[in-house]
Structures are given as C-alpha cells and as structure tokens.
Amino acid sequence: RREAAEYCRGQRVPERLEEALNALLARRPADLYGELATYLSKYSKAPVICKLVGRKVLDGVGQPTLEVEIYCTVKNYEKRICSTVMSSYSEIPENALPETIEAYEKERDDSVNTAVEWVNESLNTMLRDLEPTDQYQVDKMLGEYFTNKAEEKKKIKKQKEEEEAEDTPALTPPTTSPPPPPGKKKAAKAGAKSEAERPIPPAEPAEPALGGSSAIGGVSLAIAKAAATISHIPLYLHVALLKHDQESPEEMTLPLPMVTLLNCEKMSPSKLKLVKEVMLIPPVHLSLKQGIERVLDIQKEMTRLLESPEKMPGPQPADSKKGKAQNSGKKGLPQFLKRISHLGCLTTGYDDLEQLLLVMQTACNNVGLELGADMYLAINCAAHELMDYDKGKYETLTGTFKSPDEMVAMYEELIDKFPFIIALIDPLRKEDRQQWSHLCCTLGSKCYLIAEDAATCISKLKIDQEINTPMCSGVVLKYINQTKVSDLIELTGILDGQRHITILGSSDGESPDDSLVDLAVGLGARFIKLGGLSRGERVTKYNRLLAIEEELAKNRTLRKAKLEFIAFAEESQPEEQLSDVLPPPQQD
C-alpha cells in the first residue's frame, strides 16, 4: 500500500484528481464518471503501434490483394484502429496469350503471399512501439526496408545468372532482333523503313514490381488512417496537415470527377482503336451532387440509345462552332456489348471517333444538356497500346496508321472541331517527347494533356526535384505497390510548384477501400479518376466524395474548383524546368 501511494504521488495523481474534482463541481455533468475519464485521458500516453496484421483478400475483380490491419496500445489496452485494402494494377495487355495471363496470375498470387509475410513478420516487429502520427519516420523506415529487399533480390538474381553461366558452355548466339514490348507487334525488320521515315524511339522497358511491394504501400496508408482515427479527424484533413506542415488549410477544394461513361474495347469487332475510355467532367459551377445527377441522366439515356439501335441518330448536320459533329453519309451503328466493364461503365465499340461523339451529343441533347456548356468530355487514348512496331506508327482505326507527327495534327484538328473535349489522357507514348512538347504548345491553353501510362512509375517520377515525364499539363498518380503517403505528398508539392495538375487515379483492380478519395482531397488534386458509376467498389468512392463535399460545405471550408489551362507557348518556365529530360525540338 505504501509503494502504491508513493507511485501515485510520483505520477501526480492526487493533484490531477483535485483538479478533476474542482472541474466536476463547477460543471456538474450528467455523466460524472464519463467526464472524469475524459478529463484524465488527456494525461495518458500517446497510442503506439502494437501489432500489424496482413491477410490475403479479394479486390473488386476477384483477384488476390493485401489487407493491412493496425492495432495500437491505447490506455494500456490493445485496440484495433483501422484497416486498408490495396488496389491492384494489371499490366497485361488486352490481347495477351492465355499462358501469359496464367503466368501473371501466379506471379501476382506469390507477390501477395510475400506481402502478407512481410507485414506479419518483419514490418510487425520493425514498427512496434512507434507512434502512428509520425508518418514521415514510418515511411522512411518502410523505404529503407524496401530498398534492402530490392538489393537482396538483385544479388540473388546476379548469383543465379553467374551459376547458370558456369554450367552453360559458351556458344555464339545467333543474331536476332530485340523482342518487342509485351503485347505489342514484333519489331521492325532491318531495311523495312524508307530512309525518309523518321525512326521512332524504342519503348522504354517496364520496371518489374518487386514481389511483396504492396506491403509497403498498404502499411503506409494504414498508418495514415490510424493517425487520423486517433486524432479524431478525417483522413483528408490529416493528409492536408501533413502536406502543409501541420497548418490547417482555411478552405479545401474537391477534385473534379472524371466519370467514365464508356469503355471502348480495342479488341472489339468495331474499327475504332484510338479511344479506350470516354469520361464526363461536370462544369465547376455545379456542386458534386448536381454533377453526378447529370452524369447519371446521360448514362441512362446512353444505355437506352445503345440498347435500341432504331433510336440511334442519323447523320444530322450541326453547328461546328459549338463543337458539334457534322456527318456526310450513313455510318454503321456502334456495337453494344451489353455488359458492365471492370471500370464500372458501359462497354461498346465504334467505327470512328466522330460517330462516338455524335452519339454522345445526342444523349446529352435528349436530356436537355449541351456538351461544352453543361458537361465536358475527357478521352483516354491509351496511345501506348496502339503502336505497331512493324510499321513504326499508331493504329488509330483498323488498318489506318499514323506517325507521331500525324497524331499531333489529328489531335489539333479534333480539339478545334470539338472544343467540349477538355482533356486527353495518354494521347502519345511517353517515348514521343518531342510530339508531347508540340502538342502542349498548340493545345495546352484549351485542353489538359495528361500523362498516365505515359508517366513513369512513382519511384522514378522524381529526379532532382524535377518530374520525369514528357511535357504535359499533369500526371495521373496511382497508389499501388511500394508507393507511400509521403511520396504522394512530395510529388504533389513538386507538381504544384511547376504548375502541373495532379490527378489521383484508381486502378484496374479496385478495392472497396475509399481512402483514395481522402488522399485526393487532402493533396489538393485537380481531378480524380474513379471509373464509372457502377460496381460497388467504385460507387463507394463517389459516395465518400459526396460525404466530404457535404462536410466541407457544412463547415464553410469548401472552395469552388477552377478549370485553368496552361499556355505553354507563352511560357518558357515549364520548358526550362524540363529541359534536362526533353530532347531538342526538330525542325520541320
């Protein structure tokens, strides 16, 4: 008893109790013990991580992915704080062979198993007793751990190659052309091109993902969520505080949604290959709720038109000044595949781009909306999937090929004719940097030119405070593999400083975790690309965005978004910043 009394006096318990009793007498609350517990809790130790739990779960398309749970010691008790489920990213092309798909799925399964092992063993021990609010320290440790694992793999691979070289007799290898990129057509044969044709830059090799890398991203995001939960603030505000050195922003802007309406499969029987996704962007003067309602109206009308070919529009001339399509001659009707894509949108195909835009205009007009005033379009071209390496050209339509310079001319004509298209994603491969520069100078003042697959992976995106991409308006960032929360904070800071816009994008294999929305809001992203308004794992994120809008509006901290384009031709600053990574322009 004497030891207990001395222990309590050493912890200043009598003084704390006296302070608490005086406060209780002044307030006389209905729940006396609850008030007493709340008063004394502020003197308790900060929660610390006591356990990480990793497990294999399924994502939105039924593929294995990683879930990470965080447990903390809170007031001497172990408590589950939160969990996060990683999204997965597939690099398999649409026309991949069955054996390629099977090999990838096995590799993916092994990678998830490795990630679960890392979380439950090494990372669990390494992060124990750290405070989840110390995001940068945790991310530093995670980064060092990943670097060590990558080096271990390199050493093992090098050792294995040396052993194989010793066991294999030296032979003179036959001269062969280098293999084409996965899923592409074979490389051009020597002498196949005329001397007048400019050779295309070869495709940059894809960086292989280290097995288990999703453990790094999963733990980093789970730590951020745990810190927000412990601090009793939403995740988006916690991320904003991290980005702005703990200074709470007076106002916050919601990212504009790029809502995918159509997924135009490039392997469908239709001829159009240039378009992978058609997205709707509501105007900035609308609330998010109003914008989503308009998108739903257009989606319903589009479904009705596609399911009823007899109601499809015929060739009607229209005023091109408003960006409306003009037609000459009957066009074939699009083929509606009558299923929802994994992107949560309608799946269809078209024979040319003008046909697609005419149908889009008709759907909008039928619900009393005008493209260019009441709704805008964005197109994901996914140009890296179009390159025919035998011809050195992009296949925009079946049997129709264009050089990189011809692609630039095509886009200039497209945007001039249809000004309601305000964003092009991946209009060119990342290797065609000169054409990116030309496109930005001619179209950047009226259309966002965005790099998604044309940007390198996040781990290589930053080089000495520069963004390693072609000249572009902005970059789509995805939270996958070893990406950490602090990586996104650093990158978005650099992008903001260089007047690039940030787009947070969802992956092909989305999970029901809605943290991506909070990240986009907290980081101040200009757009968010979540897919369509179908499939639960995607609708969950739109619902979260609507909830944040309501919360910010209630707190009077919601700032209206703006559509601001960059006049690259009038500014030398972006060109100077990217001079180290861009080739000099060629003279025509």
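Structural data are supplied above this passage.
Everything quoted here is computed from the prediction, not taken from an experiment.

Conventions used here
Residues numbered from 1 in each chain as written. Predicted model: local features only at pLDDT ≥ 70, side-chain atom pairs only at ≥ 80, totals over all residues. Heavy atoms only, no water. Helix = DSSP H or I, 4+ residues; strand = E, 2+ residues; numbered from the N terminus. Buried < 20%, exposed > 50% of the residue type's maximum accessible area, 1.4 Å probe, protein only. Areas by Shrake-Rupley, 256 points an atom, 1.4 Å probe, with all protein chains shown as cover. Axes fitted to C-alpha atoms, helices over the stretch in contact; angles between N-to-C directions. Left-handed = near helix turned anticlockwise from the far one by under 90°. Contact = heavy atoms within 4.5 Å. Nonpolar A, V, L, I, M, F, W, Y, C, P; charged D, E, K, R; others polar. Salt bridge = Lys/Arg side-chain N within 4 Å of Asp/Glu carboxyl O. Core = buried A, V, L, I, M, F, W, Y, C linked by side-chain atoms within 4.5 Å. Pairing = 2+ DSSP bridges. Phe/Tyr/Trp six-rings, centres within 6.5 Å; stacked < 30°, edge-to-face > 60°. Expected span 1.5 Å × (residues − 1). Arc of directions from axis to C-beta. Patch = residues over 30% accessible without salt bridge, like charges linked within 9 Å, V, L, I, M, F, W, Y side chains within 5 Å.

**Focus: the overall build of the protein chain**
Here is step 1: Within the protein chain, the secondary structure is distributed over 16 helices and 20 strands.
Here is step 2: Among the 588 residues that make up the protein chain, the fraction classed as buried is 48%.
Here is step 3: For the protein chain, the accessible area works out to roughly 29,300 Å², and carbon and sulfur atoms hold 50% of it.

**Overview of the packing of helix α7 (residues 235-243) against helix α13 (residues 485-497)**
Here is step 1: Viewed as axis vectors pointing N to C, α7 and α13 meet at an angle of 65°, and their least axial separation amounts to 10 Å. Between α7 and α13 the crossing geometry is right-handed. Along its contact with α7, which presents Val239, Leu242 and Lys243, the element α13 presents Ile489, Thr492, Gly493 and Asp496.
Here is step 2: Tallied by class, residues from the contact of α7 with α13 come to three nonpolar, two polar and two charged.

**Structural notes on the pattern of salt bridges**
Here is step 1: In this structure the tally under the stated criterion is 24 salt bridges.
Here is step 2: Between Lys446 and Asp416 there is a salt bridge; the shortest N-O distance is 2.8 Å. Of this pair, Lys446 sits in the loop between α11 (433-443) and β14 (448-451) while Asp416 sits in helix α10 (residues 404-417), and the two are 30 residues apart along the sequence.
Here is step 3: Exposure remark for Lys446: the relative accessible area of 35% places this residue in the partly exposed category.
Here is step 4: What makes Asp416 partly exposed here is its relative accessible area of 49%.
Here is step 5: Note that Arg429 is salt-bridged to Asp432, the shortest N-O span being 3.2 Å. Neither residue differs from the other here; Arg429 and Asp432 are each classed as buried.
Here is step 6: Connected through shared salt-bridge partners, Arg55, Glu67, Glu69 and Arg80 make up one network.

**As for α11**
Here is step 1: Across the eleven residues that make up α11, a large majority, eight, are buried.
Here is step 2: Taken residue by residue, α11 has Arg433, Gln434, Gln435, Trp436, Ser437, Leu439, Cys440 and Leu443 as its buried positions.
Here is step 3: Contacts made by the buried residues of α11 are with α10 and β14.

**Comments concerning the nonpolar core**
Here is step 1: Of all hydrophobic cores here, the largest spans 97 residues; its most connected members are Leu262, Leu274, Met302, Met360, Tyr411 and Ile421.
Here is step 2: When neighbours within four sequence positions are excluded, Met360 is seen to be in contact with Leu261, Leu262, Val278, Leu280, Met302, Leu371 and Leu377.
Here is step 3: Listed in part, the 28 residues of the second largest apolar core include Leu52, Leu127, Leu142 and Ile230.

**Topic: the pairing of strand β8 (residues 346-349)**
Here is step 1: Side chains Leu346 and Thr348 of β8 all project onto a buried face; the interleaved residues Thr347 and Gly349 project onto the opposite face, where all are buried too.
Here is step 2: As paired strands, strand β5 (residues 256-264) and β8 are joined by three bridges and run parallel to one another. Looking across to β8, one finds that Asn263 is bridged to Thr347.

**Observations regarding the sheet that holds strand β2 (residues 64-74)**
Here is step 1: If you trace the three strands from one edge of the open sheet to the other, you get β1-β2-β3, paired in antiparallel fashion. The sheet is open, and its two borders are formed by β1 (48-58) and β3 (77-85), each paired with just one other strand. Along the sheet, successive strands turn relative to each other by an average axial angle of 25°, direction set aside.
Here is step 2: Direction of pairing for β1 relative to β2: antiparallel, over a ladder of ten bridges. Each residue of the ladder has a partner; that of Leu58, found in β2, is Pro64.
Here is step 3: Of the strands in this sheet, β1 and β2 touch helix α4 (residues 98-126), which is tilted by about 165° from β1.

**Notes on the packing of aromatic side chains**
Here is step 1: All chains considered together, the criterion is met by four aromatic pairs.
Here is step 2: For the pair Trp118 and Tyr145, a centre-to-centre distance of 5.4 Å together with 85° between the ring planes defines the contact as edge-to-face. Taken together, the residues span a long stretch of sequence, with Trp118 in helix α4 and Tyr145 in helix α5 (residues 135-167) at a distance of 27 residues. Summarising the burial analysis for this pair, Trp118 and Tyr145 share the class buried.
Here is step 3: Taking 5.8 Å as the distance between ring centres and 50° as the angle between the ring planes, the aromatic pair formed by Phe418 and Phe420 counts as tilted. Taken as a pair, Phe418 and Phe420 share a single burial class, namely buried.
Here is step 4: The structure contains a cluster of three or more aromatic residues connected by ring pairs, namely Tyr448, Phe527 and Phe565.

**Looking at the sheet that holds strand β11 (residues 393-397)**
Here is step 1: Read from one edge of the open sheet, three strands run β10-β11-β12, paired in antiparallel fashion. Every interior strand has two partners, whereas the edge strands, β10 (387-388) and β12 (400-402), have only one.
Here is step 2: Where β11 meets β12, three bridges bridge the pair, whose relative direction is antiparallel. If you follow Glu395 over to β12, its bridge partner there is Phe401.

**Looking at the side chain of Ser507**
Here is step 1: Within the secondary structure, Ser507 is located in the loop between β18 (501-505) and α14 (515-523).
Here is step 2: If we ignore the near neighbours within four places in the chain, the residues touching Ser507 are Ser87, Ser88, Tyr89, Lys478, Ile480 and Arg538.

**A few points about unusual backbone geometry**
Here is step 1: In the Ramachandran plot, Asp245 falls in the positive-phi region, its phi being about 55° despite a non-glycine side chain.
Here is step 2: As for its placement among the helices and strands, Asp245 is situated in the loop between α7 and β4 (252-253).
Here is step 3: Since its relative accessible area comes to 66%, Asp245 is described here as exposed.
Here is step 4: Even without being a glycine, Arg556 presents a positive backbone phi close to 60°.
Here is step 5: Tracing the backbone through its elements, the reader meets Arg556 in the loop between α15 (536-554) and β20 (558-559).

**Examining helix α2 (residues 13-27)**
Here is step 1: Look at α2: 21 Å from first C-alpha to last across 15 residues, which is about the 21 Å you get at 1.5 Å a residue.
Here is step 2: Within the sequence span of α2, burial applies to Arg16, Ala20 and Leu24. An end-on view of α2 places all buried positions within 70° of arc, on one side of the element. Exposed residues on α2 whose side chains face more than 90 degrees from its buried face are Glu18, Leu25 and Ala26.
Here is step 3: Turning to α2, the residues buried within the fold contact α3 (32-41).

**Considering a nonpolar patch on the surface**
Here is step 1: Residues Leu17, Leu40 and Tyr43 make up a contiguous nonpolar surface patch of about 230 Å² in total accessible area.
Here is step 2: By secondary structure assignment, the location of Leu40 is in helix α3.

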